[in-house]
Amino acid sequence: MSNSQSSACLIHASRLPCTPRTLKHDVLTTTMLHCGSRISKLCRSPVTPPFNFPRRLLIKFEFSSLFQAKGLNTYDEESDEFLPWLERKARTKISSMLSIGKSAYGRSLFASENIRTGDCILKVPYSVEITPDNLLPKIRAILSDKIGTVSKLAIILLVERKMGQSSGWAPYICCLPQHGEIHSTALQQFPDLESITLQDFMCAYFSVTSRAWESTKGLSLVIADRNYAPGEEVLINYGKFPNAMLLLDFGFTVPYNIHDQVQIQLSIPHDDNLREMKLELLQHLTPKIKDAVGFNCPEDTFIIKEVRSPRGKGKGLPQALRAFARLLCCNSSQELSDLAMEAAQIDGRLARRPLKDSRREFKAHKMLSSHITQLMQKYDTAIKSLPVNSPSMSNTFTLRRQMAHDLLTGELRVLKSASIWLNNYCAVLKSTSNCRSQWKNRI
């Protein structure tokens with residue numbers, strides 16, 4: 001997870017397959033889902049069998065002790081036959097060091113014996129992975145080439161699930177969480193589409209994205225980078241992602257996620273006489289901004305991270321956002337031309353330097369501060385509107401309330417850090433401006 005202290009690496013013994021995993025719901029999904037796209041950016045943990053994503057050769061795993069191990073609370077009878085079945089299917093030993101049980105977080109992996117740094121705790125052959133090759137020919141024939149790998153794997157899951165116990169993957173599919181057990185915010189209510197609902201498809205799609213990684217044919221080895229005692233829960237770091245992404249894609253949050261961030265949007269008013277000129281400058285002189293997943297954001301969208309130093313350089317508050325504020329505060333075409341000329345003389349990026357007129361610089365950052373203050377008020381209202389925990393609440397409702405609280409408080413913390421820095425910066429600008437005015441009056 002975010003502040004993980006320990007790690008393990010996925011090593012190739014030729015070319016690697018993939019291995020899925022879910023931190024909260026199952027834990028030994030490491031053998032059957034094979035795909036290939038953005039999923040490789042996320043570190044998955046071993047849980048039930050995996051889906052396979054062809055392509056990538058090297059993927060790094062991180063086993064995390066972020067959460068204090070809760071111990072093996074209950075024996076998981078449902079998963080009791082999974083490992084033996086998987087090993088029979090693979091015709092090789094998968095792991096003698098891991099067992100499946102239930103913790104406070106759901107189905108989890110535990111060390112079944114002492115694990116030493118450098119021990120191989122999982123061996124996953126390509127032969128026990130679900131890949132796009134498993135698509136039935138009659139289904140493959142009607143699919144467009146534009147259909148992505150994740151969607152194909154989701155279709156395979158739906159088909160195999162419909163087959164019930166006659167499916168060759170039944171022991172694996174039984175270990176996957178049902179719709180009611182998935183906490184991803186991407187799932188909604190949808191109408192029926194013949195015998196399979198769109199909701200069914202999205203549930204299958206989520207199962208793939210939360211359990212698959214990219215790879216090619218071969219054998220996967222998962223190597224521990226620290227010692228584990230028997231009964232200690234084994235977790236894997238999903239990567240340096242904010243709670244918004246963890247909740248959306250995987251259905252869990254981290255109580256204090258140092259990677260939390262807030263996406264904010266500013267816009268040029270339609271009644272601004274210089275709107276067209278400002279938009280043209282933004283289009284040609286502002287570099288593209290990417291979100292946590294790597295997708296391009298619109299020119300008026302910015303990502304704020306926590307500003308660690310309230311009086312430092314404002315790292316965490318993007319320069320592009322401050323530049324946009326300077327652009328918004330321009331009141332004449334000459335001021336805009338000056339910004340464009342300055343950008344051409346340096347690195348081509350617009351309004352990256354403080355405005356020479358400290359009053360305009362103050363105005364730009366005061367506007368940002370006001371916008372962020374309004375956002376903070378909305379977040380505060382949303383947090384206060386969360387229902388209070390009570391004994392009558394179901395465990396699922398309590399968990400989801402906590403995740404909502406983690407998400408909102410984390411993003412509010414980011415906004416507060418930006419607000420404090422902006423207020424300090426504006427105070428310095430105001431003080432400097434006053435000193436200059438007093439000096440001129442004396443002269």
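Throughout this document, residue positions are counted from 1 along each chain, in the order its sequence is written. Local features in this predicted model are restricted to residues of pLDDT 70 or higher, and side-chain atom pairs are both shown and tallied only at a pLDDT of 80 or more, whereas totals for entire chains, interfaces and linings draw on every residue. Derived side-chain values reflect all non-hydrogen atoms in the structure, with water molecules and hydrogen atoms excluded from consideration.

Asker: Can you walk me through the overall build of the protein chain in this structure?
Answerer: Broken down by element type, the protein chain carries 11 helices and 18 strands. Put simply, the protein chain has 443 residues, and 51% of those count as buried. It only takes one pair of heavy atoms within 4.5 Å for two residues to be counted as in contact. Taking the intrachain contacts of the protein chain between residues at least 6 apart in sequence as the baseline, contacts between residues at least 24 apart amount to 74%. The protein chains shown are the only cover counted for residues, whose accessible areas, like all others here, come from Shrake-Rupley with a 1.4 Å probe. As displayed, the protein chain offers around 21,700 Å² of accessible surface, 53% of which is attributable to carbon and sulfur atoms. A run of DSSP states H or I qualifies as a helix once it reaches four residues; a run of E qualifies as a strand once it reaches two. Both are numbered from the N-terminal end. Here the term buried applies to any residue with accessible area under 20% of the maximum for its type, exposed to any over 50%, and partly exposed to those in between, with areas from a 1.4 Å probe on protein chains only.

Asker: Please explain the packing of aromatic side chains as it appears in this structure.
Answerer: What characterises a pair of aromatic rings is the spacing of the ring centres plus the angle enclosed by the ring planes. Pairing of aromatic side chains here covers Phe, Tyr and the six-membered ring of Trp, requires ring centres within 6.5 Å, and sorts the geometry by plane angle: under 30 degrees stacked, over 60 edge-to-face, intermediate tilted. The full count for this structure, using the stated rule, is four aromatic pairs. Ring geometry for Trp85 versus Trp169: centroids 6.4 Å apart, planes at 75 degrees, classification edge-to-face. In this pair, Trp85 is assigned in helix H1 (residues 82-90) and Trp169 in the loop between helix H3 (149-163) and helix H4 (170-173), connecting sequence segments 84 residues apart. Residues Trp85 and Trp169 agree in their burial class; the two are buried. In this structure, Arg226 packs its charged tip against the face of Tyr228, placed 3.9 Å from the ring centre. Here, a charge over a ring is recorded when the distance from Lys NZ or Arg CZ to the ring centre is within 6 Å and its angle to the ring normal is within 35 degrees. The cationic tip of Arg322 hangs over the ring face of Tyr425; the distance from NZ or CZ to the ring centre is 5.0 Å.

Asker: What exactly am I supposed to notice about the confidence of the model for the protein chain here?
Answerer: Interpretation of the predicted coordinates at a detailed level should be avoided for regions scoring low in pLDDT. pLDDT is a residue-level measure of predictor confidence that goes from 0 to 100. For the protein chain, the average pLDDT comes to 75, and 71% of its residues sit at 70 or higher. Averaged over each element, pLDDT in the protein chain is lowest for strand E1 (residues 8-13) (32) and highest for helix H10 (residues 358-384) (95). In this model, residues 34-50 is a region of pLDDT below 50 whose contacts with residues beyond four sequence positions or in other chains number 130 contacts. pLDDT under 50 marks residues 187-193. Its contacts with residues more than four places away, or in other chains, come to 13 contacts.

Asker: It is not clear to me how the side chain of Glu306 should be interpreted in this structure. Could you clarify?
Answerer: Looking at the element boundaries, Glu306 is found in the loop between strand E18 (301-305) and helix H8 (319-328). By the criterion applied in these results, polar contacts are pairs of N or O atoms within 3.5 Å in which, for protein atoms, one can donate a hydrogen and the other can accept it, and in which residues neighboring in sequence qualify only through two side-chain atoms. Only 3.1 Å separates the side chain of Glu306 from the side chain of Arg308, close enough to count as a polar contact. Here the side chain of Glu306 touches Arg413 through a polar contact of 3.2 Å, side chain to side chain. When neighbours within four sequence positions are excluded, Glu306 is seen to be in contact with Tyr256, Asp260, Lys315, Gly316, Arg413, Val414 and Ser417.

Asker: Which parts of the structure should I look at to understand unusual backbone geometry?
Answerer: With glycine set apart, most residues show a phi of negative sign, and most peptide bonds adopt trans. Even without being a glycine, Arg91 presents a positive backbone phi close to 60 degrees. With a phi close to 55 degrees, Ala351 is a non-glycine residue in the positive phi region.

Asker: Help me understand the packing of H3 against helix H5 (residues 198-209) in this model?
Answerer: Working note: a packed helix pair is described by the angle between its axes plus the distance between those axes. Taken N-terminus to C-terminus, the directions of H3 and H5 make an angle of 115 degrees; their axes are 8 Å apart at the nearest point. Once H3 is placed against H5, the crossing between them reads as right-handed. Residues Val150, Ser151, Leu153, Ala154, Ile155, Leu157 and Leu158 of H3 form the contact with H5, whose participating residues are Asp200, Phe201, Ala204, Tyr205, Ser207, Val208 and Thr209. Angles here are taken between N-to-C directions and fall from 0 to 180 degrees, while the axes themselves are lines fitted to C-alpha atoms, restricted in helices to the stretch in contact. It is the rotation of the near helix from the far one that decides the hand of a crossing: anticlockwise by less than a right angle makes it left-handed, clockwise makes it right-handed.

Asker: Where do I start with the nonpolar core in this structure?
Answerer: Grouped burial of nonpolar side chains is what soluble globular proteins tend to show. Counting residues in each nonpolar core, the largest one holds 43 residues, and the members touching the most others are Ile304, Leu317 and Leu321. Among the secondary structure elements, those contributing two or more residues to this core are strand E15 (261-265), helix H7 (275-285), E18, H8, helix H9 (333-345), H10 and helix H11 (395-442). Tallying contributions element by element places H11 first for this core, with nine residues. Aside from chain neighbours lying at most four places away, what touches Leu317 is Ile304, Val307, Arg322, Ala418, Trp421 and Leu422. Residue types Ala, Val, Leu, Ile, Met, Phe, Trp, Tyr and Cys, when buried and joined through side-chain atoms within 4.5 Å, form a set referred to as a nonpolar core.

Asker: Would you mind showing me how to read H9 here?
Answerer: Three- or four-residue spacings in an α-helix give side chains the same orientation, since the helix completes a turn every 3.6 residues. A helix's residues, less one, multiplied by 1.5 Å, set its expected span. Between its first and last C-alpha, H9 extends 18 Å over 13 residues, near the 18 Å set by a 1.5 Å rise per residue. When we look at burial in H9, the residues that qualify are Glu335, Leu336, Leu339, Glu342 and Ala343. Projection of H9 onto a plane perpendicular to its axis shows the buried side chains occupying an angular sector of 120 degrees, all on one side. Every exposed residue of H9 that faces more than 90 degrees away from the buried side is listed here: Met341, Ala344 and Gln345. What the arc measures is the spread of directions leading from the helix axis to the C-beta atoms.

Asker: When you look at the pattern of salt bridges in this model, what are you seeing that I'm missing?
Answerer: Opposite charge on two side chains makes pairing possible when the charged atoms of those side chains draw close. In the sections that follow, a salt bridge refers to a side-chain nitrogen of Lys or Arg positioned within 4 Å of a carboxyl oxygen of Asp or Glu. The final tally for this structure, using the stated rule, is 11 salt bridges. Linking Glu306 and Arg308 is a salt bridge whose minimum nitrogen-to-oxygen distance equals 3.1 Å. Here Arg360 ties to Glu335 by a salt bridge, and the two come within 3.8 Å at their closest N and O atoms. Within this pair, whereas Arg360 is found in helix H10, its partner Glu335 is found in helix H9, the two being separated by 25 residues in sequence. Accessibility classification places Arg360 together with Glu335 in one group, the buried group.

Asker: Looking at this model, I keep getting lost on the pairing of E18. Mind explaining?
Answerer: In the case of a regular strand, side chains alternate between the two sheet surfaces. In terms of burial, E18 is largely enclosed, as four of its five residues are buried. Here a strand pair is declared whenever DSSP counts at least two bridges between the two strands. By the bridge criterion, five bridges tie E15 to E18 in an arrangement that is antiparallel. What sits directly across from Gln261, in E18, is Lys305.

Asker: How should I be thinking about H8 in this particular structure?
Answerer: A large share of H8 lies buried, amounting to nine of its 10 residues. Taken residue by residue, H8 has Ala320, Leu321, Arg322, Ala323, Phe324, Ala325, Arg326, Leu327 and Leu328 as its buried positions.

Asker: So what exactly am I meant to see when it comes to the packing of H8 against H10 here?
Answerer: In the contact formed by H8 and H10, the axes pass within 8 Å of each other and the chain directions differ by 115 degrees. In this structure, the crossing between H8 and H10 has a hand that is right-handed. Between H8 and H10, the residues in contact are Leu321, Arg322, Ala325, Arg326 and Leu328 and Glu361, Ala364, His365, Met367 and Leu368, respectively. Of the residues contributing to the contact of H8 with H10, the split by class is six nonpolar, one polar and three charged. Asp, Glu, Lys and Arg are counted as charged, while Ala, Val, Leu, Ile, Met, Phe, Trp, Tyr, Cys and Pro are counted as nonpolar; the rest, among them Gly, fall into the polar class.

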